[in-house]
Amino acid sequence: MRTHRIAAIPADGIGKEVIPAGLRVLHALAERSGDFRLDVTDFPWGTDYYRETGRMMAEDGLETLKGFDAIFFGAVGDQQVPDDITLWGLRLRICQGFDQYANIRPTRVLPGLTSPLRTVQPGDIDWVIVRENSEGEYAGHGGRAHRGHPEEVATETAIFTRAGVTRIMKTAFEIAAKRPRKKLTVVTKSNAQKHGMVFWDEVAAEVARDYPGVTWEKELVDAMAARMVQKPASIDTVVATNLHADILSDLAGALAGSLGVAPTANLDPSRRFPSMFEPIHGSAFDIAGKGVANPVATFWTAAMMLEHIGEAPAAARLMAAVERVCADGVMTADVGGTADTEQVTGAVIAAIRGAND
Ligand code: NAD
Ligand code: MN
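Since the model is a prediction, treat every value here as computed from it, not as a measurement. (Residues numbered from 1 in each chain as written. Chains lettered and ligands numbered in written order. Predicted model: local features only at pLDDT ≥ 70, side-chain atom pairs only at ≥ 80, totals over all residues.)

1. A short note on the UniProt feature "domain: Isopropylmalate dehydrogenase-like" (unreviewed entry) in the chain
- According to UniProt, the "domain: Isopropylmalate dehydrogenase-like" (unreviewed entry) feature falls on residues 5-348.
- What you have in residues 5-348 is 40% helix and 22% strand, and the ends, taken at the C-alpha atoms, are 23 Å apart. (UniProt positions renumbered as here; feature names shortened; annotations may be inferred. Helix = DSSP H or I, 4+ residues; strand = E, 2+ residues; numbered from the N terminus.)

2. Focus on the environment of Glu307
- Inspection of the secondary structure puts Glu307 in helix α9 (residues 296-308).
- Measuring from C-alpha to C-alpha, the distance between Glu307 and Thr64 comes to 23 Å, with 243 residues separating the pair along the chain.
- When sequence neighbours within four positions are dropped, the list of residues in contact with Glu307 reads Ala312 and Ala315. (Contact = placed C-beta atoms within 7 Å.)

3. Observations concerning the site of ligand 1
- Looking at ligand 1, there are 21 residues lining it, with Gly77, Gly260, His281, Gly282 and Asn294 nearest.
- Considering only residue class, the shell around ligand 1 consists of nine nonpolar, seven polar and five charged. (Near = placed C-beta within 6 Å. Nonpolar A, V, L, I, M, F, W, Y, C, P; charged D, E, K, R; others polar.)

4. Examining the domain arrangement of the chain
- When its domains are assigned, the chain resolves into domain 1 (1-101 + 274-357) and domain 2 (115-256).
- Tallying the contact residues gives six residues for domain 1 and eight residues for domain 2.
- Each residue belonging to the side of domain 1 that touches domain 2 can be placed in one class, and the counts come to three nonpolar, two polar and one charged. (Domains from an automatic or database assignment.)

5. Quick look at the nonpolar core
- Within the largest apolar cluster, 109 residues are counted, with the highest numbers of intra-cluster contacts made by Val25, Ile71, Phe72, Val130, Val239, Leu318 and Val348.
- No fewer than three residues from each of domain 1 (1-101 + 274-357) and domain 2 (115-256) sit in this core.
- The contact partners of Val25, leaving out residues within four places of it in the chain, are Phe299, Ala302, Leu318, Thr345, Val348, Ile349 and Ile352. (Core = buried A, V, L, I, M, F, W, Y, C linked by C-beta atoms within 7 Å. Buried ≥ 20, exposed ≤ 12 C-beta atoms within 10 Å, placed from the backbone.)

6. What about the sheet that holds strand β9 (residues 215-220)?
- Taken together, the ten strands give an open sheet; going across it, the order is β2-β1-β3-β12-β11-β4-β5-β10-β8-β9, and neighbouring strands pair in mixed fashion. Looking at which strands have only one partner, the edges of the open sheet turn out to be β2 (36-42) and β9. Mean inter-strand twist for the sheet, computed between neighbouring axes without regard to direction, equals 25 degrees.
- One ladder, built from seven bridges, connects strand β4 (residues 102-108) with strand β5 (residues 126-132); its direction is antiparallel. Residue pairing in the sheet places Thr107 in a bridge with Trp127 of β5.
- Its contacts with the sheet place helix α5 (residues 162-178) against β4, β5, β8 (183-188) and β10 (237-240), and it is angled at close to 165 degrees to β5.
- Each of β4, β5, β8 and β10 is contacted by helix α8 (residues 242-255), which is oriented at about 155 degrees to β5, the strand it contacts most. (Pairing = 2+ DSSP bridges. Axes fitted to C-alpha atoms, helices over the stretch in contact; angles between N-to-C directions.)

7. Digging into helix α4 (residues 83-97)
- When the local axis directions of α4 are compared, the greatest deviation, roughly 40 degrees, occurs at Arg91.
- All of the buried residues in α4 are Thr86, Gly89, Leu90, Arg91, Ile94 and Cys95.
- Those residues of α4 that are buried lie in contact with β1 (2-11), α2 (47-53), α3 (61-65), β3 (70-75), β11 (263-267) and β12 (275-279).
- Positive backbone phi, at 50 degrees, marks Asp99, one or two positions downstream of α4. (Bend = angle between axes of the 7 residues up to and from the residue.)

Given below as structure tokens:
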């Protein structure tokens, strides 16, 4: 029997509700399959840990995580602790420490869910957004001078390297090449940002030569936001910078019905280090502790993790179960249902157990 070592880090807010739900579903899939088992270790890192220790994760946390096949992550964020501490202290530390440079964000309108777009037809929204996850606008470069004075200046410098842009373009072309429509939109803002963004366009054209089967085009990020709303069916695979894709993928999540169903993978495609799988949403202060968080984003995340660790049939079984439960209307309030986290989880587990191969 295959064994996969999974590090679970629920962290904060609804992360502590959706990750345990995700683990129950994963164990049900392993049991149903009979071919693999999951050896899960829970890590209590996050803002409570920070309050006790002054750190968001153990000092040797990255060393510890290196031994795992994948990281299953909830969300960080706390009303009492500044976001830059919680984000940089845990989530970004893992992303950067493990060079998880490709952030993959699939978007589809699941059966039973309604897009807020009036005209959208089933299948119109079927996108994969590839987000550059290691440099760009979130490289952490910049500074402040003359603090508090009228002449105060703050800079936030985006860093783009040939190696960094080339590898994310290759990842995006690879993904586009494996999808039925084989279409890639390279998003920039090269009209206004004339250094880094023009560089992106140039590197895209270079990498494109190795993928003659992929149709590709350029689009400016503002036009892309409008196009996602007005012509969703014209979009397939998208690649964009850290900042641009961050914003576009939240829009994508909302257009698919709710942030509560949007999954993501932070991949190190070289597989030198473990990759990290998480729902896109945050810790959701407004609903944390109430047991009503939508666990579907986490289930979809779990399916991406299963695929990554080589359990594609279990991933497919999980998505089929999720789609069935959504189609049956067993949904949480954010997508118009009345079920709570527990009821959706129970229904998905029942669908997994009942499914025929
Ligand atoms: P959020 O995603 O936590 O919540 C936005 C809105 O969506 C809220 O109304 C929330 O109730 C709703 N929502 C989100 N996930 C849901 C789910 N699974 N089911 C039902 N409703 C859901 O974003 P925010 O409010 O901007 O941020 C709250 C905190 O989370 C902040 O501290 C922020 O920095 C952090 N955050 C962390 C991550 C992460 O860990 N990856 C991502 C985004 C935000
Ligand atoms: Mn975001």
